[in-house]
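Residue-level listing of the chains:
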Amino acid sequence: MTVTYTARVANARFCGFSKLLLAWKGSIYKVLYKEFLAFFAMYTAISITYRFFLYDDQKRYFEKLAIYCNHYASLIPMSFVLGFYVTLVVNRWWSQYTSIPLPDRLMCVLSGGLQGSDERGRLLRRTMMRYASLSALLILRSVSTAVFKRFPTMDHVVEAGFMSREERKKFEGLHSPYNKYWIPCVWFTNLAAVARCEGRIKDDHTLKLLLEELNAFRGKCSMLFHYDMISVPLVYTQVVTLAVYSFFLVCLIGRQFLDPNQGYPGHDLDLYVPIFTLLQFFFYAGWLKVAEQLINPFGEDDDDFETNWLIDRNFQVSMMAVDEMYGDLPMMERDRYWNDSNPRPPYTAATLFVLRKPSFQGSTFDMAIPKEEMHFQPLEDIAENLEESVSRHPNMALFNRLLNAAPSPTGFMGGALRRTSAQLQRLRHSPSIDQCTSDDDDDESGKIGKGGSLPSGLGQETQSTVCSFREEKSIRTPLLEVQFGAEQDRRGGHPVVNEKKEVSGLEGKSDKEGQMREERVKADSPEEENQAPASLLPPPPQFSRETSTQSASAIPFASRHPSAFLFNPAAHSSLEHCSSQPVINHNRAAPSIPKPPFGGHKMSFLTVPSYDEPQRFRSVSMGSELTGS
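Residues numbered from 1 in each chain as written. Predicted model: local features only at pLDDT ≥ 70, side-chain atom pairs only at ≥ 80, totals over all residues. Heavy atoms only, no water.

Caption draft 1: The overall build of the chain, seen in detail. Helix and strand content of the chain: 18 helices and two strands. Carbon and sulfur atoms provide 59% of the accessible area of the chain, an area that totals close to 39600 Å². (Helix = DSSP H or I, 4+ residues; strand = E, 2+ residues; numbered from the N terminus. Areas by Shrake-Rupley, 256 points an atom, 1.4 Å probe, with all protein chains shown as cover.)

Caption draft 2: Spotlight on the confidence of the model for the chain. Looking at the chain as a whole, its pLDDT mean stands at 74, while 62% of the residues score no less than 70. Note that pLDDT drops below 50 for residues 428–510; the model gives that stretch 272 contacts with residues more than four away or on any other chain. For the stretch residues 524–629, pLDDT sits under 50, and the model shows 274 contacts to residues farther than four places along the chain or on other chains. (pLDDT = per-residue confidence, 0-100. Contact = heavy atoms within 4.5 Å.)

Caption draft 3: Region of the structure containing the pattern of salt bridges. One pass over the structure, following the stated rule, counts 19 salt bridges. Residues Glu212 and Lys208 are paired through a salt bridge, measuring 2.5 Å at the closest nitrogen-oxygen approach. One end of the pair, Glu212, and the other, Lys208, are both in helix H10 (residues 204–229), four residues apart, so they sit about a helical turn from each other. A cluster of three or more residues bridged by salt bridges with shared partners is formed by Asp118, Arg120, Glu198 and Arg200. (Salt bridge = Lys/Arg side-chain N within 4 Å of Asp/Glu carboxyl O.)

Caption draft 4: Quick peek at a negative patch on the surface. A surface patch of negative charge is lined by Glu380, Asp381, Glu384 and Glu387. Mapped onto the fold, Asp381 is located in helix H14 (residues 379–392). Overall, Asp381 belongs to the partly exposed group, its relative accessible area being 34%. (Patch = residues over 30% accessible without salt bridge, like charges linked within 9 Å, V, L, I, M, F, W, Y side chains within 5 Å. Lys, Arg positive; Asp, Glu negative; His and termini not counted. Charge placed at Lys NZ, Arg CZ, Asp CG, Glu CD. Buried < 20%, exposed > 50% of the residue type's maximum accessible area, 1.4 Å probe, protein only.)

Caption draft 5: Quick look at the side chain of Ser111. Note on placement: Ser111 falls in helix H4 (residues 104–113). Non-local contacts of Ser111, meaning those with residues more than four positions away in its chain, are made with Ala321, Val322 and Tyr326.

Caption draft 6: View of the nonpolar core. Counting residues in hydrophobic clusters, the biggest one holds 48 residues, and the most contacted among them are Met128, Leu140, Val157 and Leu210. For this core, the elements supplying multiple residues, two or more each, are H4, helix H5 (119–143), helix H7 (154–159), helix H9 (183–197), H10 and helix H13 (307–324). Ranked by residues supplied to this core, first place goes to H5 with twelve residues. Grouped together as the second largest cluster of nonpolar side chains are 25 residues, Phe39, Leu278, Tyr284 and Ala285 included. (Core = buried A, V, L, I, M, F, W, Y, C linked by side-chain atoms within 4.5 Å.)

Caption draft 7: Region of interest: helix H2 (residues 56–72). Helix length check: H2, at 17 residues, gives a terminal C-alpha distance of 25 Å against a target of 24 Å (1.5 Å per residue), a fit within 8%. Buried residues of H2: Lys59, Phe62, Glu63, Ala66 and Cys69, and no others. Taken down its axis, H2 places every buried residue within 130 degrees of arc, on the same side. Residues Asp57, Tyr61, Lys64, Tyr68 and His71 are exposed on H2 and point more than 90 degrees away from its buried face. (Expected span 1.5 Å × (residues − 1). Arc of directions from axis to C-beta.)

Caption draft 8: Representation of the packing of aromatic side chains within the structure. What the rule picks out here adds up to 24 aromatic pairs. Judged by centre distance (5.9 Å) and plane angle (50 degrees), the ring pair of Trp93 and Trp94 falls under tilted. By relative accessible area, Trp93 is classed as partly exposed at 23%. Look at Trp94 and you get partly exposed, because its relative accessible area is 48%. Centre to centre, the rings of Phe248 and Tyr284 are 6.4 Å apart; their planes meet at 55 degrees, and the pair counts as tilted. Separated by 36 residues along the polypeptide, Phe248 in helix H11 (residues 234–254) and Tyr284 in helix H12 (residues 275–294) bring together distant segments of the chain. Counting every residue linked through ring pairs, the aromatic cluster contains Tyr29, Phe36, Phe39, Phe247, Phe248, Phe281, Phe282, Phe283 and Tyr284. Above the face of the Tyr326 ring, Arg125 is positioned so that its terminal group lies 3.5 Å from the ring centre. The ring of Phe171 carries Lys180 above its face, with NZ or CZ at 4.8 Å from the centroid. (Phe/Tyr/Trp six-rings, centres within 6.5 Å; stacked < 30°, edge-to-face > 60°. Lys NZ or Arg CZ within 6 Å of the ring centre and 35° of its normal.)

Caption draft 9: The arrangement of a nonpolar patch on the surface in detail. There is a patch of nonpolar side chains on the surface, built from Tyr272, Val273, Ile275, Phe276, Leu279 and Phe283 and spanning about 700 Å² of accessible area. Among the structural elements, Ile275 can be located in helix H12. Taking relative accessible area as the criterion, Ile275 reaches 52% and is therefore assigned exposed.

Caption draft 10: Fine view of the side chain of Gln256. Among the secondary structure elements, Gln256 is positioned in the loop between H11 and H12. A polar contact of 2.8 Å, which involves the side chain of Gln256, links it to the backbone oxygen of Leu252. Filtering out sequence-adjacent residues up to four positions away, Gln256 remains in contact with Tyr43, Ile46, Ser47, Phe62 and His267. (Polar contact = N/O pair within 3.5 Å; in protein donor to acceptor, adjacent residues only side chain to side chain.)

Caption draft 11: View of H9. The terminal C-alpha atoms of H9 lie 22 Å apart, and with 15 residues this matches the ideal 21 Å at 1.5 Å per residue to within 8%. Within the sequence span of H9, burial applies to Ile183, Pro184, Cys185, Trp187, Phe188, Leu191, Ala192 and Ala195. Those residues of H9 that are buried lie in contact with H4, H5, helix H8 (165–173) and H10. Just past H9, the residue Gly199 takes up positive phi, approximately 85 degrees.

Caption draft 12: Spatial organisation of the packing of H5 against H9. For the pair H5 and H9, interaxial distance at closest approach is 8 Å and the crossing angle is 160 degrees. Comparing the axis directions of H5 and H9 gives the class roughly antiparallel. For the element pair H5 and H9, the recorded crossing hand is left-handed. Counted together, Arg120, Leu124, Thr127, Met128, Met129, Tyr131, Leu134, Ser135 and Leu138 of H5 and Pro184, Cys185, Trp187, Phe188, Leu191, Ala192, Val194 and Ala195 of H9 form the full contact between these two elements. Class assignment of the residues belonging to the contact of H5 with H9 gives a composition of 14 nonpolar, two polar and one charged. (Axes fitted to C-alpha atoms, helices over the stretch in contact; angles between N-to-C directions. Parallel < 35°, antiparallel > 145°, perpendicular 65-115°, else oblique. Left-handed = near helix turned anticlockwise from the far one by under 90°. Nonpolar A, V, L, I, M, F, W, Y, C, P; charged D, E, K, R; others polar.)

Caption draft 13: Fine view of the packing of H4 against H13. Running from N to C, H4 and H13 cross one another at 15 degrees; their axes reach a closest spacing of 9 Å. Between H4 and H13, the angle is such that the two are roughly parallel. The interaxial crossing formed by H4 with H13 has right-handed handedness. Residues Asp104, Met107, Leu110 and Ser111 of H4 form the contact with H13, whose own contacting residues are Arg313, Val317, Ser318, Ala321 and Val322. Among the residues making up the contact of H4 with H13, the classes are represented as five nonpolar, two polar and two charged.

Caption draft 14: Inspection of the environment of Asp303 at higher detail. With respect to the helices and strands, the residue Asp303 is situated in the loop between H12 and H13. As for Asp303 and Ser27, which are separated by 276 residues in sequence, their C-alpha atoms are 9.4 Å apart. In contact with Asp303, other than residues within four places in its own chain, are Thr2, Val3, Gly26 and Gln293.

Put into structure tokens, the structure is as follows:
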């Protein structure tokens with residue numbers, strides 16, 4: 001029987017395990033005492049030989065050998081190797097116990113699902129449950145030495161009542177080179193199908209539930225078989241065993257007490273009994289013995305599984321559940337708390353202290369909060385506080401924005417387009433430009449790239465930035481005509497080379513709409529067409545270091561091409577906001593823009609040449625038309 005001591009350690013107390021140290025059955029003393037005595041005897045023999053039978057020169061040689069062995073014995077990784085091995089074996093040991101097939105769930109489903117109190121119904125239930133017990137017996141007989149000793153042949157199985165003689169003939173008539181523990185489970189399913197055809201199993205759902213429980217039962221039988229077939233790899237077991245034995249063989253010489261008169265370091269005392277070496281052997285060798293016992297718990301050791309007891313218990317309980325207890329119900333009556341809304345079972349004098357304990361309400365039930373912090377705050381004040389915190393910490397808001405943004409392959413191009421409008425916020429050169437806000441607050445990532453080029457993605461057709469204008473009385477200077485073209489260096493007169501040669505994704509309206517808008521613009525401001533343009537974007541960087549330090553507002557723009565987009569200053573329109581909207585016309589092909597010639601004046605990267613075409617309002621970023629009020 002498995003050694004059980006859980007009741008003796010139910011309560012932790014002073015020296016609670018001290019009584020367990022005196023137990024013999026299932027103890028480490030019973031398992032290890034032979035190896036321990038053998039190790040101590042060999043150590044004593046070597047010590048006596050060194051002290052009384054060796055000459056002086058032989059003693060000196062032995063002492064050098066002992067120091068050498070003691071120095072290099074620590075290179076053997078005892079704790080590492082043994083620790084992993086024992087952990088693996090203990091986990092495998094418990095998994096094997098949970099794989100033992102128990103009939104409790106199957107017998108409950110069978111007792112409630114297969115109807116019929118007559119002889120036929122009783123025969124079906126008992127036979128099916130006997131088949132399940134027979135399958136468990138066959139697999140336990142295959143893996144457990146204790147069960148095999150109890151049922152060494154199939155005649156013993158038939159004589160024990162688990163199988164009839166006719167069933168044995170059928171069992172032995174099915175020729176298979178493999179273990180045939182699964183055959184009774186197939187008989188079980190065939191009987192279940194017969195009971196369903198006879199109407200004793202009322203519906204298919206009950207039949208399905210019954211077969212699912214049988215498959216779970218058969219699966220545990222299969223796991224036991226595989227645990228018996230697939231052991232811990234032999235090389236792992238050999239490595240651990242060799243590490244332990246070789247370590248203590250070296251300790252037989254290396255841990256000897258040497259002559260203190262020779263003055264060897266660490267050998268100042270001369271003791272006869274190596275106490276700590278014996279303790280080390282007790283712990284490490286005992287650890288190895290633990291793994292040796294648990295690696296196969298279906299043997300006959302003190303702590304192995306009681307498989308024969310499990311067979312008896314499972315067979316008796318399952319037969320009683322499907323036969324004697326079928327339809328056996330006690331008479332229903334009112335319980336003693338029928339009219340009591342607060343039923344409380346009584347306590348004995350030994351457990352009366354439980355009533356004195358207050359009922360647990362939660363870990364924060366007695367938490368104290370200052371009274372001034374208990375008042376609800378209006379939602380308007382909370383929103384204002386949040387806005388103030390965002391304005392005070394723009395970098396934190398940007399960081400949270402970046403964390404919430406999920407990058408995608410299409411998001412990089414579309415995001416660069418939306419960040420173009422956010423670049424206008426950092427232009428402080430022209431006082432007539434109002435602050436533009438973009439849908440994307442990622443200001444840092446919207447900077448103009450190296451060489452004066454905007455981030456890639458200006459040609460994205462999915463979205464474009466549309467700026468709306470409205471009349472408002474403002475102290476700011478009206479937005480003048482804006483023309484993008486080539487620029488001439490103020491100092492050297494050399495044209496600035498722009499790395500962006502072409503812009504893709506231009507979307508245009510129809511010619512009729514463009515002419516109507518051009519006529520309306522010309523009618524409003526016919527005299528301002530030849531005014532000097534003001535740049536909305538910073539100039540590209542110069543080749544020289546001196547010119548790169550110039551401000552964008554100090555460098556004039558001059559171009560031979562007509563204006564890309566013009567704003568009428570008489571309309572007193574100011575740039576109010578920039579929003580990211582999808583392009584309206586997706587089916588039109590973008591007009592091809594000729595590349596500027598090499599040499600001479602070169603167009604800016606946002607220049608949209610119109611030549612003889614009527615001028616149109618165009619957006620800053622993508623060329624979509626602007627709405628003017």
